[in-house]
Each structure stands twice: as C-alpha cells, then as structure tokens.
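# Summary of structural features
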Amino acid sequence: MTRALKVLLLVLLAVGVALPTAYSTFIHSEREVSIGAHDATVHPTFSGYARIDFGSLIPQIRLPAEAPLGLGMDVRLGDSEVTNLDQLVARDAAIAAQPQGEIAAVRSSINSMLIDAAMRALGAALLAVLIAVLAWRAIGQTRRRAIWAEARHPGRRQVVGAGAVGVITIAALILVAAPDRPRSDDKAWVPIGSVFPELPSDDVLDKVEIAQGASTTGSRALVEGALETYRTSVSFYGRLAVSAATADVRTPLEGESTALVVTDRHDNIGMDPVARAIADRAGARMLIDLGDDTSNGGSWETFSINSLAREFRGFEVVAVAGNHDTGPTVRQQMKDKGFTVLDGEPVTVDGVRFIGSSDPRSSGLTAGYRGDPADNSVSLRQQDERLEKAACDDGEVSVIAVHSPSSASRAAASGCADLVLSGHLHRQVGPTTVTGTNGRTTTTLSTGTTGGAVYAFALGSKLRREAQVTIVTFADGRPVGLQPVSFEPGGIIRVGDYTPVTTSPR
C-alpha cells in the first residue's frame, strides 16, 4: 500500500468520525442565557428558523434565521424576576424594538456551541486516527500481508465488502438519524399580519409567523398590547435617531477628539441608537458610561449592557457602575464586553488620564438605599477621600468619572483633576468651574438621565422625561469643551451651548 493511499485512508477515517460527532454534539447542545427579562435556554436546530417559546400563555413565534446551512434555533424563555404578566410582556416588546444586543448574545451562544462541537469532533477524529495507526503497527507487516491475501480470496471479498458497508451504514445512521430537538414544523404557522391585520407594514414583523392554537386566541389582548408597545417604541426612537443624525453639534477641530457621556440609562435601550447617532455626529470614538445602566443590577438586566456594547462596538468605553447596578453582575458584564471599568486607580485610555470608581451604595427598584444611611454616607466619604488622594498623588489625572457627584466633591475641590463627570441626579447640574486648594481649576458637570428615567426604571415605548447626553472635547489628552444634548418626550432635540473648559498648567 502506497504512502499516499495510507494518508488518504486516514483522512477519510478522520472525516467519517468528525462529521457525525460534530453534528450530534451540536444538535444536542444547549446554553443558558439571559434574554430580555428572562432566563432562557437556546438550542440549535437546522430548521432555518429562530423559534421563540414564551410559555403556555403566549403563542410561539418564529422568523427566518437567515443563517448558512439552514441553521436555526429554538429559544425557550423561562423565569423572570418580573411577576406581573402585563409588565413583562410590555418590557419584552420594548426590548424587541431594539434587539441587536440580544441577537448578539444569542449568536455568541450559538458560536460557542459550534466551537465546542468542532473541538469534540477534532478530538474524536484524532483518537480514531491514533487507534488506527497503533492497530496498523501492532498487526505488523507479515500479518497485514496475510490478511490482505485472505481478503483477495474470491470467497472473502463479500465479507470484506459487507464489513465496509456496515461501517458506512453506521456512520450514516449517526449522521442522519440523530434525533433533533423538537421542531416547530408540526405546528400550523401563519403570518402574524393575518392574525392581526391592523398591523402596519414593518421590516421585522412582515417576516414573523405565529403558531395557531388556543394560546393565539386566548392571549390576543396580551399580544396586541405587546405589538402596540413594539410599534410605538420603533416609531418613537426611530424618528429620534434620525433627527439625532442631523443634530447641529460641534465637531472636533484639528488635534481634538471627542467622547460621549451617558448615565442613568436605567434599562432604556431605546436611547442607545439615538446616543450613537449623536456620537457619530460629533465624531466621537470614546464612550464614558457613568452608571445606573440597570434598575436593580439583576441578571435579567444583562440586555442593557448587551445593547450598549453592541451599539458602541469599536468604541473605547470607560465605565463605572451606579447605586442601582447592585451586586457584581453589571460590573462583570462590563468587563466581559471589554469596557475599562474604573476601580480607583489612574488609567490612561486613548490618551486621556482617568480615575474613578463605582458607587459603593446599593439601591433597589424603589427609592432609597439599602443598609444604614450613616454607613452609606461613610462609604461615599471614604470613596471621595481615596479618589482625592489617588488623583493628587498621580498628578496627571484629566478626568474623574463617578456616578454620584457626592463621590468626588473633595476630589473636585482639591484641583487635582481638570474635569469631574457624574450623573445620578437625573438632571443637569453645571458645568461649574472652581479653583482648587492647589490653585488649579476644576470643572464639574452632572449629566441628566440618558434613559429619560423618572425613577429607577426607564424602559418603555417612549421617554418619560427629558433625556440627555454630553459631548466632551479633548485636546492633548485634556478636556477643552462640553456640550450637552437633550431630548424631550415630544421628540424635540435641544443642543446646548458649547462651553470651553479652562485648565491650569501642570
């Protein structure tokens, strides 16, 4: 047997083992993810559709996955921390109006399962090849010749042929007959527009199909409410993003760069494309996130960071968590998405020297803070003292980024930074310039809520109150100007005056 033939046989063996192993592993995989307000399970299929199972009360929907090789998925939505069904459906509808972050999370899960299946297939193929090579060597040349001579005997060829057919048949059965996940093909699917003919034309809804059955009829009011929320959200924030793309904001001059400040989004992912449009208009390539991206820091709120990361991909993102981003979930997700999460030590990002840290307090969905108020005050004072010392010791800090202005009042008064950025108040305060104890000037600014939040939750079909972002202009790594941009609930955009920032020589 020639060397080339041996190699060819080993390659065929590897492929014959790898393909059914990869297929079987992939089709039986699943991942637990957070989608919107739900814990969810994602199963890959080859149905060509993304099917979403909301449970028994709401009909299933599907839409084309538009993926290669007929790849699809079944998404089963599970428990949620939201117990009111009407509120849950409304939130899901609002999230569906800005789904890019959740789509990216599901796509990441599918890619992870593909990689795992490929690695297992590679391992199985290598093992099969290794066993074949060892067996080949163990038999020895003399015995192989004897076996070959027997195989060439006219009476033995049928046995060898039958064995080969058996091996191929087993591989084919593994590849073809491996049980798939339950598919939606046994259901009657109809375009959602035929069930709800009042729906206007929509690029996404036109592709959606809904399962016919008792839940479709019995849950009509819930579905109609969700569709109304979806339509209103798409319309309102879509128009606002279009208007933002033509906002008359200041653009950087030669040698300048810009960053966009967002804060207190409180889950309102509808504003993310609007904020991105302002960032593009201002030529920004950095995002400064001052926290309270969520209402409670719950695992179900990962959609908020998913959306921000998706909308501002390619940006340098500097972030802190707010008092409503309770627990480690938000900060960890920020890190997982590649954000630079400030932790009390100076760090240089894109030529700008930052310092800051996350809010030490914890708040829930309702007003007030958890724990002893005196302890919270002490925590803020200690945070402020640490940031002041670290900034003054460093001597090169340009920007202090915190959630609450109370976290950097001493630091601002010290004059050890050019600019202090904060949020938390849900309204604009500043810019105000003061002369520090060291004789240098510091400018402070609290940006209003980017999510248009009245309280701790802002996700909905439109703004509840005025929303705001701020454009910060830098030159040589130091701030030289501020320009707030506000968005009224009626859809009007107000571009504030550009305020130069005065900095002292270092």
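Let us look at the packing of helix α9 (residues 302-311) against helix α10 (residues 329-336). Where α9 contacts α10, the two axes come as close as 10 Å, and the packing angle between them is 25 degrees. Relative to α10, the element α9 is oriented roughly parallel. Helix-helix and strand crossings are classified by hand; for α9 and α10 the assignment is right-handed. In this structure, α9 uses T302, I305 and N306 to contact α10, whose residues at the interface are T329, V330, Q333 and M334.

Moving on, we get to the state of the cysteines. Summed over the entire model, instances satisfying the criterion amount to one disulfide. What pairs with C392 in a disulfide is C416, and their sulfur atoms sit 1.9 Å apart. Between C392 and C416, the S-S torsion sits near 95 degrees, and that sign places the bridge as right-handed. Here the residue C392 occupies a position in helix α11 (residues 373-394), and C416 occupies one in the loop between α12 (409-414) and β15 (419-422), the gap between them amounting to 24 residues.

Considering all chains together, one arrives at 15 salt bridges under this definition. Of the charged contacts in the structure, one is a salt bridge between R353 and D394, with a shortest N-O distance of 2.7 Å. Within this pair, whereas R353 is found in strand β13 (residues 352-356), its partner D394 is found in helix α11, the two being separated by 41 residues in sequence. We classify D394 as partly exposed; its relative accessible area is 25%.

With an omega of 5 degrees, the peptide bond running from G430 to P431 counts as cis. Along the chain, P431 falls in strand β16 (residues 429-435). Residues other than glycine seldom take positive phi values, yet D264 does so here, at roughly 55 degrees. Note on placement: D264 falls in the loop between β8 (256-262) and α8 (272-281). Even without a glycine there, the phi angle at H266 is positive, about 45 degrees. Its location among the elements puts H266 in the loop between β8 and α8.

This next bit is on the packing of α8 against α9. For the pair α8 and α9, interaxial distance at closest approach is 10 Å and the crossing angle is 25 degrees. It follows from the interaxial angle that α8 and α9 lie roughly parallel. Considering the relative orientation of α8 and α9, their crossing is right-handed. For the pair formed by α8 and α9, the contact residues are D272, P273 and R276 on the first element and S304, S307, L308 and E311 on the second. Tallied by class, the residues present in the contact of α8 with α9 amount to two nonpolar, two polar and three charged.

Right, let's get into a nonpolar patch on the surface. Judged by side-chain polarity, L5, L8, L9 and L12 come together as a nonpolar surface patch covering roughly 350 Å² of accessible area. By the secondary structure assignment, L12 is in helix α1 (residues 3-27). For L12, a relative accessible area of 52% puts it in the exposed group.

Looking now at the confidence of the model for the protein chain. For the protein chain, the average pLDDT comes to 82, and 76% of its residues sit at 70 or higher. This model gives residues 176-184 a pLDDT under 50, and the stretch forms 25 contacts once residues within four places in sequence are excluded. Counted against residues more than four places away or in other chains, residues 366-375, with its pLDDT under 50, gives 15 contacts.

Our focus in this paragraph is the sheet that holds strand β12 (residues 347-349). If you walk across this open sheet you meet the six strands as β12-β13-β14-β15-β17-β16, and the pairing is mixed. A strand with exactly one partner marks an edge of an open sheet, and here the two such strands are β12 and β16. Going across the sheet, the axis of each strand differs from the next one's by a mean of 25 degrees, ignoring polarity. Bridge count for β16 against strand β17 (residues 441-446) is five bridges, and the pairing is antiparallel. The residue bridging T435 from the neighbouring strand is T441, located in β17.

Ranked by size, the top nonpolar core spans 35 residues in total, and within it L260, I278, F339 and F487 carry the most contacts. Contributions of two or more residues to this core are made by α7 (220-244), β8, α8, α9, β10 (316-319), α10, β18 (467-475) and β19 (478-487). The contact partners of F339, leaving out residues within four places of it in the chain, are I305, L308, A309, V317, A319 and M334. Counting 20 residues, the second largest nonpolar core, distinct from the first, contains V261, L290, L445 and V501.

Rules and cut-offs
Residues numbered from 1 in each chain as written. Predicted model: local features only at pLDDT ≥ 70, side-chain atom pairs only at ≥ 80, totals over all residues. Heavy atoms only, no water. Axes fitted to C-alpha atoms, helices over the stretch in contact; angles between N-to-C directions. Helix = DSSP H or I, 4+ residues; strand = E, 2+ residues; numbered from the N terminus. Parallel < 35°, antiparallel > 145°, perpendicular 65-115°, else oblique. Left-handed = near helix turned anticlockwise from the far one by under 90°. Contact = heavy atoms within 4.5 Å. Disulfide = S-S within 2.5 Å. Salt bridge = Lys/Arg side-chain N within 4 Å of Asp/Glu carboxyl O. Buried < 20%, exposed > 50% of the residue type's maximum accessible area, 1.4 Å probe, protein only. Nonpolar A, V, L, I, M, F, W, Y, C, P; charged D, E, K, R; others polar. Patch = residues over 30% accessible without salt bridge, like charges linked within 9 Å, V, L, I, M, F, W, Y side chains within 5 Å. Areas by Shrake-Rupley, 256 points an atom, 1.4 Å probe, with all protein chains shown as cover. pLDDT = per-residue confidence, 0-100. Pairing = 2+ DSSP bridges. Core = buried A, V, L, I, M, F, W, Y, C linked by side-chain atoms within 4.5 Å.

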